Amino acid sequence: MDTTEAKLDPEAILKDFPILNQRIHRDRRLVYLDSGASSQRPQSVIDAMSDCYRSNYANVHRGIHYLSEAASDLYEQARRKVQQFIGAGHTSEVIFTSGTTAAINTVARSFFESPGRSLEKGDRILLTIMDHHSNIVPWQQLAERTGAVVEFIGLTGDCRLDMGELKEKLAGNTRLFAFPAISNVTGLVLPVQELCELASANNVATVVDAAQHVPHEPTDVSGWGADFVAFSGHKMLGPSGIGILYGKRQLLEEMPPFLGGGSMISGCTIDGFTPGELPAKFEAGTPPIVEAIGLGAAIDYLSGTGLNAISRHEKELTVAMHDALSEIGGLRILGPAPDLKAGLVSFVVDGLSAQDISIFLDRQGFAIRAGHHCAMPLHEYLGVANSCRASFYLYNSMQEVSGFAEALGNVIAKLK
């Protein structure tokens, strides 16, 4: 994994991102603080995708002509880059999907169809109150189909996961524990390896939503010991429409394919079909070829920059944002202390709508997120309808943090 120690120069990095070098709203500088929803793309990713369409595009694994072989090579190179980037043991454990949501749904639709793994009425699926809807709804749908029950682990007073409640509920008839590596609302970084070890000790399968982790923190899925890990390309400088399902090879081999069609078979007759080998077994139809190549280019950029350096930079921004926002009266930061968080800060302001705050900040050039962030259960748990979220990445700077805090203070004063 990455061990880069160099300090980032966000102003130099910013030059690599064409979309961020523009002026908006009467010549305001665009400050993008919404990477938790979707990151922007450097020129190298844009070029890799354009080059594929211009010079190397054809369907993969289906032709013996030059273009098909060239596209297939680039597609599989991207898979190897993902494998190395996340510390998977085999390229066959890396399944290309359309995103985190599709990856989690694949597990929800297939894992408990494996021999000897069927769910029975009353079996427990355990989630956390912090989970994104993409790691809630598929399990609720599975519970509706099988009679299983979905239960949620709550938080402690300082917004950490309630480990006592977790240990209690992992015992007994719990069959699966799905949880985020990082909360997309509070920014809490969860102890993934510890949680997977606790689940494994109770013979409970694990699914980790790593959509907020892989782009920002060094990730070692083998070290985590997770059974399944899901994440998306569009949050890590890559294109939309591409995501990854990592799964332990033995489990993936036991699971029946979720989607049927072309490419996922080794044979098909009028009497039936035989599934293909991994990873093709779970990649039915024409895959996201150019998107995978773009993701490979994004991994090159992130690896060249260094995940340790990115993580350290974002934590510095988070501490600075906490300090700045704590000076604003009537503002409440959601989540734990900054030393327990990744690079995002969510907050609410007494008497003001998150949407109104976001609209007025946009007019000052600051792009943030407002709403429930696809985490309605957590907002209800915290006693708020919605919140504002500023999320950081390698192209954000301390000057942007201080400028944001000043603009936010002015917006609040104006709205009140």
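See the structure printed just above.
It should be emphasised that the depicted structure is a prediction, and the values quoted were computed from it without experimental measurement.

J.: An account of the packing of helix α3 (residues 66-86) against helix α10 (residues 289-305) is requested, with residue identities and associated values reported.
T.: It is the contact of α3 with α10, at a shortest axis distance of 8 Å, that shows an interaxial angle of 40°. Looking at the two axes, α3 sits oblique to α10. Two packed elements cross with a definite hand, and for α3 against α10 that hand is left-handed. The segment α3 lies against α10, with L74, Y75, A78, K81, V82 and F85 engaging I289, A292, I293, L295, G296, I299, D300, L302 and S303. The residue makeup of the contact of α3 with α10, split by class, is eleven nonpolar, two polar and two charged.

J.: Can you explain the sheet that holds strand β9 (residues 228-232)? Please cite residues and give values.
T.: One open sheet holds the seven strands; their spatial order is β4-β10-β9-β8-β7-β5-β6, and the pairing between them is mixed. Looking at which strands have only one partner, the edges of the open sheet turn out to be β4 (94-97) and β6 (149-153). Along the sheet, successive strands turn relative to each other by an average axial angle of 20°, direction set aside. In terms of strand pairing, strand β5 (residues 124-128) meets β6 through five bridges, oriented parallel. Residue L126 lies in a different strand from β6, and its bridge partner there is E151.

J.: Report on helix α7 (residues 192-201), specifying residues and quantitative values.
T.: Every buried residue of α7 is accounted for by V192, L195, C196 and A199. Down the axis of α7, the sector holding all buried residues measures 100°, keeping them to one side. Where the residues of α7 are buried, they touch α6 (163-170), β7 (174-180), β8 (205-209) and α8 (221-224). Positive phi shows up at N203, right after α7, with a value of about 60°.

J.: Which residues make up the environment of F111, and what values go with them?
T.: Within the element layout of this structure, F111 appears in the loop between α4 (100-110) and β5. Judged by its relative accessible area of 2%, F111 is buried. As a C-alpha pair, F111 and M255 span 144 residues in sequence and 5.5 Å in three-dimensional space.

J.: Residues and numbers for the pairing of β9, please.
T.: β9 sits mainly inside the fold: five of its five residues count as buried. Of the two faces of β9, the one carrying F228, A230 and S232 and the one carrying V229 and F231 are both buried. Two elements, β8 and β9, share three bridges in a ladder whose sense is parallel. Bridged to V207 within β9 is F228. Pairing of β9 with strand β10 (residues 243-247) involves five bridges; the strand directions are antiparallel. In the strand pairing of β10, V229 is matched with Y246.

J.: Please set out empty space enclosed by the protein residue by residue, giving values where relevant.
T.: Within this structure, the stated rule accounts for one cavity of 30 Å³ or more. Counted as a void, the largest cavity has a volume near 60 Å³. For the largest cavity, the full set of lining residues is G36, I182, Q212, H216, E314, A342, G343, L344, S391 and F392. Taken together, the residues of the lining of the largest cavity break down into four nonpolar, five polar and one charged.

J.: Describe the pattern of salt bridges, with residues and values.
T.: In the structure shown here, the tally under the stated rule is 18 salt bridges. For D27, the salt bridge goes to R23, with nearest N and O atoms at 3.3 Å. For K81, the salt bridge is made with D300, and the minimal N-O distance between the two is 2.8 Å. One end of the pair, K81, is in helix α3; the other, D300, is in helix α10, and 219 residues separate them in sequence. With a relative accessible area of 26%, K81 lands in the partly exposed category. One connected set of salt bridges, linked through shared partners, spans R124, E151, E165 and K169.

About the thresholds
- Residues numbered from 1 in each chain as written.
- Predicted model: local features only at pLDDT ≥ 70, side-chain atom pairs only at ≥ 80, totals over all residues.
- Heavy atoms only, no water.
- Axes fitted to C-alpha atoms, helices over the stretch in contact; angles between N-to-C directions.
- Helix = DSSP H or I, 4+ residues; strand = E, 2+ residues; numbered from the N terminus.
- Parallel < 35°, antiparallel > 145°, perpendicular 65-115°, else oblique.
- Left-handed = near helix turned anticlockwise from the far one by under 90°.
- Contact = heavy atoms within 4.5 Å.
- Nonpolar A, V, L, I, M, F, W, Y, C, P; charged D, E, K, R; others polar.
- Pairing = 2+ DSSP bridges.
- Buried < 20%, exposed > 50% of the residue type's maximum accessible area, 1.4 Å probe, protein only.
- Arc of directions from axis to C-beta.
- 1 Å grid on protein atoms, 1.4 Å probe; cavity = no way out; pocket = protein on both sides within 12 Å on 5 of 7 lines; lining within 4 Å.
- Points joined across faces, edges and corners; volume = space filled by probe spheres on them.
- Salt bridge = Lys/Arg side-chain N within 4 Å of Asp/Glu carboxyl O.

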